Structure formats: structure tokens, C-alpha cells
Amino acid sequence: MILVVGGAGYIGSHLVKELVEKEQVIVLDNLSTGHREAVDHRAVFFQGDLGDEENLEFVFSNYPIKAVMHFAANSLVGESVINPMKYYENNVSSTLTLLRVMLDHNVNNFIFSSTAATYGVPNVDIINETMQTLPINPYGRSKLMIEQILQDYSKAYNLNYIVLRYFNAAGADESGHIGESHEPETHLIPVILQHLAGKRDKISIFGSDYNTPDGTCIRDYIHVTDIANAHIHALNSLLNGTNKTAIYNLGNGLGYSVKEIIETCETVTGLKANVEITDRREGDPAILVASSRKIYEELGWKAEKNLKQIIESAWNWHQNQRY
Ligand code: UDP
């Protein structure tokens, strides 16, 4: 059985939908940002906090867990600057409790959701996993701290782990039954689509004076189902012993500016956006684009869906949003 912590959240729920086809799954989620309706009915669902040792003891004592996938985290850069305590307590401290209890129960396979924010402001355009990690905000630091702790635990306690550094997750499952739903929503693609659907007056571009061709920030957007599939590849490699420890970027390898994203949303929806330019948002590097060559070479995974497909699936979800 696979324990998916944070399996009711955006990325976790997409992973669960894929994983239940192959494995028995138990989801632990406190529903602070996740949605019960997002969890596939074939998974066992347990509502509780991952920082609560009693919950974890219950789960590990009662289910034969062979690996843990950990999606539960706070993940907003701006919020992490204003409220770092929340980020260090939820993302670092609670994860340590999870690791302790799983190791106590001799479960030693772990897949960790990390982020491009661990790289900080890279001095190259295409980032690979050997680049220096110098995060510039508490969110990125909270994730990097766990990555470093995993290294130490692996040596000392024989923990096998895979770290997946996501670039910009977007899009929704093709069924239209699950998708991205944050309250409040801050991510670029859903914000644009909410505006085009008439739920916001306008959209703001956070800075047009970056050192990029059109002056707006460039990111690497990756379909959430591609991310889910990468987790399945990672899990298989831990369970069949081909991997003991590894770090992989998950991206498309293509960068799109904020303006290009707005244009593609307009094309997909056939609607015109009302756009204003505002100040830069704190903590945003100009360009973040992944090389995902390593995971392709080692595990045979690559992103399958392009930007248009990402936005089409997100728009499909927005029009029929269920939660
Ligand atoms: N962005 C923007 N307006 C918005 C939301 C985001 O201009 O309303 C920009 C943001 O500055 C960044 C990019 O869009 O350059 C992606 O931001 P998002 O919050 O979606 O993801 P992040 O890169 O922070 O993980």
C-alpha cells in the first residue's frame, strides 16, 4: 500500500487518480487546502494532520505501507515571506515527524515534492539538477532544508528517497472531474481563466521590466498529469531497486512569458483579457526553465502535454468546476 500525504490537494489528487490503477492507496490529508471530493473513491481516506504523531502511528500501525509520497505543504512564495513560521512549521517540522514515524515502522521509501524555488535566481536559462541551490524565499528554503535532511537520513537510516523539483504545475485531468482549486487563487493560469470567465475584473502582470524579451517573467509550465506520471516512474524505480536516492527536475524545458501565457489563454478561450501592469512581486526570479533530461535518461519520463493542451484542460475544468 502507498501512503499519499496531501493526496486531496491539487497535484496529490491527480497522482492518486493515476496510482489507484496500479496500487492500493491511502490518503492522509488535513483538508486545510485540499478537497475531499478530489480524492478518488478507490483510495482509503484518512483526515488528519501529518504533524500529529497519533494520526501517523495509527496509519503506519494499521496499513502495510511500502512507500510514502509527500505532497502536503504550503506553497505560496509571497505568503512565505510574510509568514515564514507557517512555512517552517508545516513544511519542515511536520515532515520531520512523518519521517520519524515512517522510519520507526521500517518504511524506507519516500518521494518528496520539491520546487524550482530551491534554485533561487539561477545564472543560466536552462536549469539542471547540478546547479547551485540558493533559494531566495522561505518557501524555497523550507523545501531545500528537507532535501538536505533526506541526504543525512539516507546515509544514517538507510532511507531511499526521490526528490522531484516541480516547475510551474498547471492544467487539469482530462475527465474534467478534478482540477486546480485554491482559495484565494494566486497562480497565473487559473487567475487569467477566472478573469476570462467573468469572475475577476482584470489581471495584473507583476512587472514588465525584467531582463526578458518582452519584459515579463518566463516560467516552465508543466501539465499536472505529466507530474503525476513522473511520480509513478519515481515510485517504480524505488520499489524495483533501480534508484536509492535521486533528485529530478520536472518541467517541459520550454519557457513562456506572462504575456505569452495571457495570449495563449485568449486564443484557447476566444476571449479578450483586460490587463494592467503593476509592480514586481517580491521573490520572483526573471526566468525559471527546467532541463528534465536527467529523469528522461534515467527513468524514461518526459512531459507529454504542451502549453495549449495545459490551458485547454484548465479551461475545461474552470467551466465545470466542481469544488
Ligand atoms: N503572475 C502575474 N500575475 C498574476 C499571477 C502571477 O504576473 O496574477 C506572474 C508571476 O509574477 C510569475 C508567473 O506569473 O512570474 C507565475 O506565477 P505563479 O504564481 O503562477 O507561479 P510561481 O512561479 O510563483 O510558482
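Below, the structure is looked at part by part. Bear in mind that the values here come from a model prediction, so they are computed numbers and not experimental data.

A count of helical and extended segments in the protein gives 10 helices and 15 strands. Whereas a compact globule of 323 residues would reach a radius of gyration of roughly 20 Å, the protein reaches 19 Å, a difference of no more than 12%. By principal-axis analysis of the C-alpha atoms, the protein measures approximately 55 × 40 × 40 Å. Here the protein holds 323 residues, and the buried ones make up 56% of them. In the protein, the proportion of contacts linking residues at least 24 apart, taken out of those at least 6 apart, comes to 77%.

This part takes up unusual backbone geometry. In this structure, the amide linkage connecting Glu 183 to the following residue, Pro 184, adopts the cis form with an omega of 0°. Look at Asn 106: it is not a glycine, yet its phi comes out positive at around 60°. On the accessibility criterion, Asn 106 (68% relative accessible area) is exposed.

With that settled, consider the pairing of strand β1 (residues 2–5). Across the two faces of β1 the burial is the same, with Ile 2 and Val 4 and Leu 3 and Val 5 all buried. For the segment spanning β1, helix α1 (residues 10–19) and strand β2 (residues 25–29), crossover handedness is right-handed. Here β1 runs beside strand β4 (residues 67–70); their pairing, made up of four bridges, is parallel. Looking across to β4, one finds that Leu 3 is bridged to Val 68.

Let us look at the pattern of salt bridges. In total, this model carries 14 salt bridges according to the counting rule given. The partner of Lys 17 in a salt bridge is Asp 173, with the nearest N and O atoms 3.0 Å apart. Of this pair, Lys 17 sits in helix α1 while Asp 173 sits in the loop between β8 (168–170) and α6 (188–196), and the two are 156 residues apart along the sequence. Beyond isolated ion pairs, a larger network of salt bridges with shared partners links Glu 21, Asp 40 and Arg 42.

In the vicinity of the ligand there are 14 residues, among which Leu 188, Ser 204, Phe 206, Arg 281 and Asp 284 approach most closely. Within the contact set of the ligand, an oxygen atom lies 3.0 Å away from a side-chain nitrogen or oxygen of Asn 168. The backbone of Ser 204 places a nitrogen or oxygen atom 2.7 Å from a nitrogen atom of the ligand. Of all the elements, strand β9 (residues 203–206) adds the most residues to the shell around the ligand, at three residues. Tallied by class, the residues present in the shell around the ligand amount to seven nonpolar, four polar and three charged.

Let us look at the sheet that holds strand β10 (residues 218–219). Strand order in the open sheet formed by four strands is β6-β15-β10-β13, with mixed pairing between adjacent strands. Two strands close off the open sheet at either side, each with one partner strand: β6 (126–127) and β13 (256–257). Of the pairings in the sheet, the one linking β10 to β13 comprises two bridges and is antiparallel in character. When the bridges of β13 are listed, Arg 219 appears paired with Tyr 256.

In this section: the pairing of strand β5 (residues 109–115). Remark: a regular strand shows side chains that alternate across the two faces of the sheet. Most of β5 sits out of view: seven of its seven residues are buried. Residues Asn 109, Ile 111, Ser 113 and Thr 115 line one face of β5 and the alternating positions Phe 110, Phe 112 and Ser 114 line the opposite face, and both faces are buried. Pairing geometry for β4 and β5, over three bridges, is parallel. The residue of β5 that forms the bridge with Met 69 is Ile 111. Bridge analysis of β5 against strand β7 (residues 160–166) gives seven bridges, and the strand direction is parallel. The residue bridging Ser 113 from the neighbouring strand is Leu 164, located in β7.

So, how was this worked out
Residues numbered from 1 in each chain as written. Predicted model: local features only at pLDDT ≥ 70, side-chain atom pairs only at ≥ 80, totals over all residues. Heavy atoms only, no water. Helix = DSSP H or I, 4+ residues; strand = E, 2+ residues; numbered from the N terminus. Rg over C-alpha atoms; globule rule 2.2 N^0.38 Å. Buried < 20%, exposed > 50% of the residue type's maximum accessible area, 1.4 Å probe, protein only. Contact = heavy atoms within 4.5 Å. Right-handed = clockwise from strand over helix to strand, strands pointing away. Pairing = 2+ DSSP bridges. Salt bridge = Lys/Arg side-chain N within 4 Å of Asp/Glu carboxyl O. Near = heavy atom within 4 Å. Polar contact = N/O pair within 3.5 Å; in protein donor to acceptor, adjacent residues only side chain to side chain. Nonpolar A, V, L, I, M, F, W, Y, C, P; charged D, E, K, R; others polar.

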